[in-house]
Amino acid sequence: MLSYLLISMKLMHFCTACGHETTAKIPLGDQKVRQVCSNCRTIHYVNPKVICGALALWENKVLLCRRAIEPRYGLWTLPAGYMELFETMEQGSARETREEAEAEIEIEQLYCMYNIPRIGQIYTLFKANIINGEFGAGEETIESRLFDEHEIPWDELAFPSVERTLRHYFEDRKSNHFPMHLETLGSRLDQTG
């Protein structure tokens with residue numbers, strides 16, 4: 001409760017509806033402290049961010065991108081990012097793959113979903129195939145490469161969600177059965193996602 005209050009108070013000082021100051025209080029019928037506009041009474045909710053991305057494959061190899069931005073500059077990740085308004089998770093995953101790896105994908109299925117409550121994120125990754133095997137490096141990417149299991153730079157992965165997804169994939173590939181994985185990730189404070 002205290003961390004939620006601190007996040008809420010840190011994020012909102014003025015109403016997005018009318019511009020007046022907000023006050024931290026528990027609205028009638030609620031149980032959590034929210035930022036409430038003192039003028040128009042709009043209640044401002046702080047909700048998790050949705051990250052969407054792809055486990056993009058070509059000939060049984062995995063596409064990884066080396067990050068050109070913080071956090072975790074220079075480390076390897078799956079193409080993923082924040083979902084935009086008015087798009088589906090699938091559209092967001094395809095857009096992020098296009099932006100970060102200059103690859104067009106055909107999505108097969110929702111493959112991994114991670115709750116990351118300590119940083120207020122929900123991370124969704126779709127299993128997908130790269131169309132025509134073409135990829136590159138977008139503005140947020142130093143380089144992108146296809147990796148087989150023995151080539152994965154395990155010690156240079158950017159986020160726990162990337163490592164978990166890759167481990168699921170290589171294990172599931174042994175039986176050619178790819179169930180959806182749902183997990184809650186731990187409490188390492190120095191990393192996100």
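The structure displayed is predicted, hence computed values, not measured ones. (Residues numbered from 1 in each chain as written. Predicted model: local features only at pLDDT ≥ 70, side-chain atom pairs only at ≥ 80, totals over all residues. Heavy atoms only, no water.)

Student: Tell me what's going on with the environment of Pro71, and back it up with residues and numbers.
Tutor: Locating Pro71 in the fold gives a position in the loop between β5 (61-67) and β6 (76-77). What makes Pro71 partly exposed here is its relative accessible area of 39%. For the pair Pro71 and Ser175, spaced 104 residues apart in the sequence, the C-alpha separation amounts to 35 Å. (Helix = DSSP H or I, 4+ residues; strand = E, 2+ residues; numbered from the N terminus. Buried < 20%, exposed > 50% of the residue type's maximum accessible area, 1.4 Å probe, protein only.)

Student: Lay out the packing of aromatic side chains with the relevant residues and their values.
Tutor: Applying the stated criterion to the full structure yields 5 aromatic pairs. One aromatic cluster is present, formed by Tyr111, Trp154, Tyr169, Phe170 and Phe178 through successive ring pairs. A cation over a ring is seen here: Lys127 above Phe178, with NZ or CZ 4.3 Å from the ring centre. (Phe/Tyr/Trp six-rings, centres within 6.5 Å; stacked < 30°, edge-to-face > 60°. Lys NZ or Arg CZ within 6 Å of the ring centre and 35° of its normal.)

Student: An account of the confidence of the model for the protein chain is requested, with residue identities and associated values reported.
Tutor: Of the residues in the protein chain, 91% have a pLDDT of 70 or more, and the chain-wide mean is 92. Across residues 1-9 the pLDDT falls below 50, and counting only partners more than four positions away or on other chains, this stretch makes 16 contacts in the model. Ignoring residues within four places in sequence, the model shows residues 188-192, a span with pLDDT below 50, making 12 contacts including any to other chains. (pLDDT = per-residue confidence, 0-100. Contact = heavy atoms within 4.5 Å.)

Student: Report on the sheet that holds strand β1 (residues 22-25), specifying residues and quantitative values.
Tutor: Within the open sheet, the 3 strands sit side by side as β1-β2-β3. Their pairing is antiparallel. Because the sheet does not close on itself, it has two edges, and the strands there are β1 and β3 (43-44). The sheet contact formed by strand β2 (residues 34-37) and β3 spans 2 bridges and is antiparallel. Each bridged residue has a counterpart across the sheet, and for Gln35 the counterpart in β3 is His44. (Pairing = 2+ DSSP bridges.)

Student: Tell me about the nonpolar core, residues and numbers included.
Tutor: Counting 26 residues, the largest nonpolar core has Leu55, Val62, Leu64, Leu78, Tyr123, Leu166 and Tyr169 as its most contacted members. Taken together, the elements giving at least two residues each to this core come down to β4 (49-58), β5, β8 (105-116), β9 (121-130) and α3 (160-175). In contact with Leu78, other than residues within four places in its own chain, are Ala54, Leu55, Val62, Leu63, Leu64, Glu100, Leu125, Val162, Thr165 and Leu166. In terms of nonpolar packing, the next biggest core, distinct from the first, is built from 11 residues, Ala54, Ala101, Ile105 and Ala128 among them. (Core = buried A, V, L, I, M, F, W, Y, C linked by side-chain atoms within 4.5 Å.)

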